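# Examining the three-dimensional arrangement
As a plain string of letters, each chain reads:
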2 protein chains.
Amino acid sequence: MTAELTGGDLSRLRQLNALAVIRALREEEALTLTELARRTKLSRASAEDVVRELMELGWVAEAGATAGSVGRPARRYRFRAEAGRVLGVDIGGHKIRARVADLDGEVLHGAEVAVTPEMGRKERLAAVDEAVAEALRGAGVTPAEVWASGVATTGLVDGAGRVMLSEALPEWTGVDVAGHVGRLVNGPVRVENDAKVAALAECWRGVARYARNVVYLLAGLRTGAGLIIDGRLHRGFGNAAGEIGALPAAGWIRAQEHLKSWPATGPGAVEDIFLAARGGDRKAAGIVRRYVRDIALGASALVLTLDPELVVLGGGFSRSADLIAEPLRRELDRWCIRTPEVRVSAFGDEGVVLGAVRLALDHVEGVLHGGAELTSPDRFAAGQRPVT
Amino acid sequence: MTAELTGGDLSRLRQLNALAVIRALREEEALTLTELARRTKLSRASAEDVVRELMELGWVAEAGATAGSVGRPARRYRFRAEAGRVLGVDIGGHKIRARVADLDGEVLHGAEVAVTPEMGRKERLAAVDEAVAEALRGAGVTPAEVWASGVATTGLVDGAGRVMLSEALPEWTGVDVAGHVGRLVNGPVRVENDAKVAALAECWRGVARYARNVVYLLAGLRTGAGLIIDGRLHRGFGNAAGEIGALPAAGWIRAQEHLKSWPATGPGAVEDIFLAARGGDRKAAGIVRRYVRDIALGASALVLTLDPELVVLGGGFSRSADLIAEPLRRELDRWCIRTPEVRVSAFGDEGVVLGAVRLALDHVEGVLHGGAELTSPDRFAAGQRPVT
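The residue count restarts for each chain, going from 1 along the sequence in the order it is written. Chains carry letters and ligands carry numbers; both start at the beginning, A for chains and 1 for ligands, and go up in the order they are written. The model is predicted, so local features are restricted to residues of pLDDT at least 70 and side-chain atom pairs to those at 80 or more, both for listing and for counting; the totals for chains, interfaces and linings are taken over all residues. Side-chain metrics rest on all non-hydrogen atoms present in the structure, leaving aside hydrogens and water.

## Notes on the overall build of chain A
To keep things clear, this is the line we draw: Here a strand is any run of E in DSSP of at least two residues, a helix any run of H or I of at least four, and the numbering for each starts at the N terminus. Three exposure classes are used, based on accessible area relative to the maximum for each residue type with a 1.4 Å probe and protein chains only: buried under 20%, partly exposed in between, and exposed over 50%. Here, residues are in contact when the closest pair of their heavy atoms is within 4.5 Å. The protein chains shown are the only cover counted for residues, whose accessible areas, like all others here, come from Shrake-Rupley with a 1.4 Å probe. Counting rule for charge: Lys and Arg are taken as positive, Asp and Glu as negative, and neither His nor the chain ends is counted. Here the site of a charge means atom NZ of a Lys, CZ of an Arg, CG of an Asp or CD of a Glu.
What chain A contains, in helices and strands, is twelve helices and 15 strands. Residues counted as buried form 56% of the 388 residues belonging to chain A. Taking all contacts inside chain A whose residues are at least 6 apart in sequence as the whole, residues at least 24 apart take part in 65%. For chain A, the accessible area works out to roughly 17100 Å², and carbon and sulfur atoms hold 50% of it. Computed over 49 positive and 50 negative side-chain charges, the inter-centroid distance for chain A is 2 Å.

Encoded structure:
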């Protein structure tokens with residue numbers, strides 16, 4: 001069946017061409033019209049038309065010319081990452097982190113607010129409010145200018161952005177995180193478990209960039225895992241994948257107990273153990289050894305189940321990888337049939353909030369790649385209503 | 001860029017149309033030309049042309065007319081599943097099973113040869129030869145008429161169909177299974193671990209037909225697992241996924257030890273335990289209880305990792321599901337955050353060889369869906385050379 005193109009179809013075609021150009025520009029720093037035409041399979045003349053229109057709308061800008069070419073250098077165009085803003089939030093037991101980033105995920109400003117695991121729901125949410133307000137203020141961004149938000153939280157999260165279960169934080173089970181953050185800023189809010197989100201960050205711009213099957217270990221005051229299978233975050237049927245820690249035989253519950261056997265208490269206590277172990281303290285070294293042995297047990301269960309290409313050691317304790325990484329490799333080698341490569345995250349405890357930013361960008365890209373109606377960036381953002 | 005269609009393109013187009021018709025017919029028992037045209041998006045006239053050609057080649061036959069319709073019933077056409085033959089083989093510790101099936105996977109004839117776990121490589125391969133020869137003879141099929149073979153074996157298998165590691169069978173590590181079966185019959189040979197292949201069978205025509213995320217437990221004289229993630233068999237980076245049994249803390253090694261504490265020995269010993277447990281024998285009931293408890297530990301590790309929709313209890317012991325399924329459910333519920341549904345395989349120890357047949361059909365379908373050049377079925381089969 002063929003039909004004549006109607007006026008509506010033509011405008012639809014222009015939209016699709018515009019989205020194709022935006023996608024091509026998002027993948028590179030800058031492109032000439034010739035390069036753009038080749039990548040989008042548009043004619044050069046069409047590419048020029050589309051670029052002109054996108055510049056008028058505010059999605060595209062001229063980039064600096066390439067140096068070193070003979071004759072008049074060709075003009076290059078870039079995606080205006082500054083056209084929009086996203087928010088990433090990490091709600092942890094000890095700290096709330098908020099980051100405001102551009103559409104490339106470059107962080108403009110960040111804010112931290114200290115909390116305690118013992119805090120109730122109200123206080124923790126107030127700390128979220130404070131961190132978000134401070135991050136926006138520092139970035140010079142109003143709540144209305146936010147396009148989308150990603151939020152990472154401890155515990156299991158349902159599809160509507162509500163905490164299904166939190167063992168670690170009191171009064172946190174049942175909190176409507178998406179609803180709460182949605183009242184602070186414009187745009188939809190995606191909420192996900194912290195370890196899952198940190199795995200996303202590693203695949204985005206971390207040590208797992210080129211891997212398709214990854215077990216990410218969040219090693220910190222709690223232990224968690226995020227799984228990347230065939231290049232995609234594996235959430236599970238009920239969004240509860242990676243929860244091997246719930247099985248006592250997997251050792252993760254015990255691993256945290258070892259850390260509590262150190263005399264010092266408070267947020268810095270574990271740093272204290274690592275410091276002492278580095279200094280040759282035998283008790284501290286023993287605690288670290290037992291901690292790694294028990295973390296490795298659950299990690300081996302994940303590895304034996306999935307046979308990944310790569311294990312990423314992330315979370316706050318990954319800053320002490322000098323004490324952890326080698327014994328972890330040895331323990332994995334002891335239990336696994338095929339021991340995967342182990343890499344240490346370069347993000348430390350920044351990985352979770354970076355992953356939250358990525359979650360927000362995933363939403364924006366989903367809308368762009370899904371063939372959104374393209375207006376100006378401002379009108380596009382206003383069209384992104386909170387998910388209710 | 002546009003170009004005129006050349007003679008070669010036209011013939012290519014006819015090929016694609018023919019493959020589209022074959023695919024549509026493979027999904028249904030029989031279709032009228034009108035139904036075929038609708039499904040393939042061909043005109044009715046083109047569909048008629050293609051069907052006529054496919055009937056001449058031998059891929060399609062006329063089916064019986066639909067009953068009960070008013071007026072002259074429309075002619076219906078069906079895929080000729082009898083146009084080709086595939087072979088499935090299950091190489092186990094205690095039995096070799098071979099099945100010859102048509103292109104719908106309907107088994108024409110099967111053969112079994114008893115073996116022992118202690119047998120060496122040569123004896124086991126001779127038993128494979130015997131089972132394959134007997135299955136072919138019974139089905140009235142010559143080795144040259146086989147299009148493709150699927151082989152399931154205990155142990156880990158590499159991409160070339162060689163056993164990388166077998167803990168259970170002596171001299172089995174390193175055996176070139178694909179090479180050996182490839183010398184018995186025509187066509188390529190795919191080899192895969194038995195539990196993985198049995199999971200395929202459940203998703204094909206078993207209790208996991210409508211599930212996309214499945215943990216399959218092979219419960220028998222050995223314990224294994226096959227994982228279906230997002231509707232596809234998860235093999236792992238090094239084809240070693242699902243090997244949770246290697247971790248002592250996961251309980252599967254211990255589970256088999258409990259069975260050995262029963263006084264009777266030999267192939268029927270475990271049946272003996274189940275019989276005695278049904279009869280009220282307390283020692284037998286205790287063995288079954290401890291067996292299930294330890295199987296459930298590793299199964300819980302798989303479930304907590306993947307959060308599947310469904311757990312399938314398969315393998316030879318699934319015939320004793322009356323004793324196993326309920327306690328398994330209870331134990332999973334004890335450890336898992338979200339306990340998935342547990343279903344019992346209807347295949348018993350037939351699941352593995354059925355999965356092997358499916359593996360062979362996967363190859364045939366891969367070639368058909370991949371846009372093979374369509375000649376007569378006989379010439380198609382002759383073109384399927386062994387993978388070397």
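Having seen the structure, we can now continue with the description.
## Observations regarding a nonpolar patch on the surface
The test is simple: The patches described consist of residues with a relative accessible area above 30% and no salt bridge, like charges being joined within 9 Å and nonpolar side chains (Val, Leu, Ile, Met, Phe, Trp, Tyr) within 5 Å. In what follows, salt bridge is the name for a side-chain nitrogen of Lys or Arg lying within 4 Å of a carboxyl oxygen of Asp or Glu.
Together, Ile337(A), Met164(B) and Leu165(B) make up a nonpolar patch on the protein surface, roughly 200 Å² of accessible area in all. Classification of Ile337(A) as partly exposed rests on a relative accessible area of 32%.

## Observations regarding the domain arrangement of chain A
Residue and element names in this part refer to chain A. To be explicit about the condition: For the purposes of this description, domain bounds are those given by an automatic or database domain assignment. The buried area of a pairing is the accessible area, by a 1.4 Å probe, that goes missing from both parts when the two are put together, added over both. Under the rule applied, a polar contact is a pair of N or O atoms within 3.5 Å (in protein, one hydrogen donor and one hydrogen acceptor; residues adjacent in sequence only if both atoms are side-chain atoms). Here the nonpolar group is Ala, Val, Leu, Ile, Met, Phe, Trp, Tyr, Cys and Pro; Asp, Glu, Lys and Arg are the charged ones; every other residue, Gly included, is treated as polar.
Structurally, chain A comprises domain 1 (7–79), domain 2 (84–197 + 351–383) and domain 3 (210–346). For domain 2 versus domain 3, the separation of C-alpha centres amounts to 26 Å. In this assembly, domain 2 packs against domain 3 so that about 1100 Å² is buried in total across both faces, 57% of it on carbon and sulfur atoms. If you sort the residues of domain 2 by the area they bury against domain 3, His94, Ala195 and Lys196 come out on top, with a joint share of 46%. Linking domain 2 with domain 3 are two salt bridges, by the criterion used here. We note a salt bridge from aspartate 194 to arginine 222, for which the minimum N-O separation is 2.8 Å. If you look at where domain 2 meets domain 3, you find five residue pairs in polar contact (both at pLDDT 80 or more). Residue assignment for the side of domain 2 that touches domain 3 shows that the elements contributing at least two residues are β8 (156–157), β10 (189–193), α6 (194–205) and α11 (351–369). Among the elements that take part in the side of domain 2 that touches domain 3, α6 stands out by supplying three residues, more than any other. For the side of domain 2 that touches domain 3, the per-class residue count stands at seven nonpolar, three polar and four charged.

## Here's the deal with the interface of chain A and chain B
Size of an interface: often given as the accessible area lost when the parts come together. Contacts between the two partners involve 35 residues from chain A, matched on the other side by 35 residues from chain B. The largest share of the area that chain A buries against chain B comes from Phe237(A), Thr305(A) and Ile337(A), three residues that together contribute 23% of it. In this structure, the connection of chain A to chain B is made through two salt bridges. A salt bridge links Arg232(B) to Asp230(A); the nearest nitrogen and oxygen atoms lie 3.5 Å apart.

## Some details on the packing of helix α8 (residues 269–278) of chain B against helix α9 (residues 282–306) of chain B
Residue and element names in this part refer to chain B. Worth spelling out the cut-off: Where helices are involved, their axes are fitted lines through C-alpha atoms of the stretch in contact, as for all axes, and angles between N-to-C directions lie from 0 to 180°. The crossing is said to be left-handed when, going from far helix to near helix, the turn is anticlockwise and less than a right angle, and right-handed when the turn is clockwise.
In contact at an axis separation of 7 Å, α8 and α9 are set at 115° when each is read in the N-to-C sense. When you trace α8 past α9, the crossing you get is left-handed. Contacts from Ile273, Phe274, Ala276 and Ala277 of α8 reach α9 at Ala284, Ala285, Ile287 and Val288. Class assignment for the residues of the contact of α8 with α9 results in eight nonpolar, no polar and no charged.

## Topic: the UniProt feature "domain: HTH cro/C1-type" (unreviewed entry) in chain A
What counts here: UniProt positions are given in the numbering used here, feature names are shortened, and annotations may be inferred rather than shown by experiment.
Those residues carrying the UniProt feature "domain: HTH cro/C1-type" (unreviewed entry) are residues 22–46 of chain A in this numbering. Helix makes up 68% of residues 22–46 of chain A and strand 8%. Its end C-alpha atoms lie 14 Å apart.

## A closer look at the relation of the copies chain A and chain B
What counts, and what does not: Only residues with pLDDT of at least 70 in both copies count here: their C-alpha atoms drive the least-squares fit that superposes the copies.
Turning chain A through 180° and shifting it by 0.0 Å along the axis lays it on chain B, with an RMSD of 0.1 Å. Classification of the inter-copy transformation places it as that of a two-fold axis. Relative to the rotation axis, the closest C-alpha in chain A is found at Ala249(A), a distance of 3.0 Å. An overlap of 100% is found between the interface residues of chain A and their copies at the interface of chain B, pointing to a shared contact surface.

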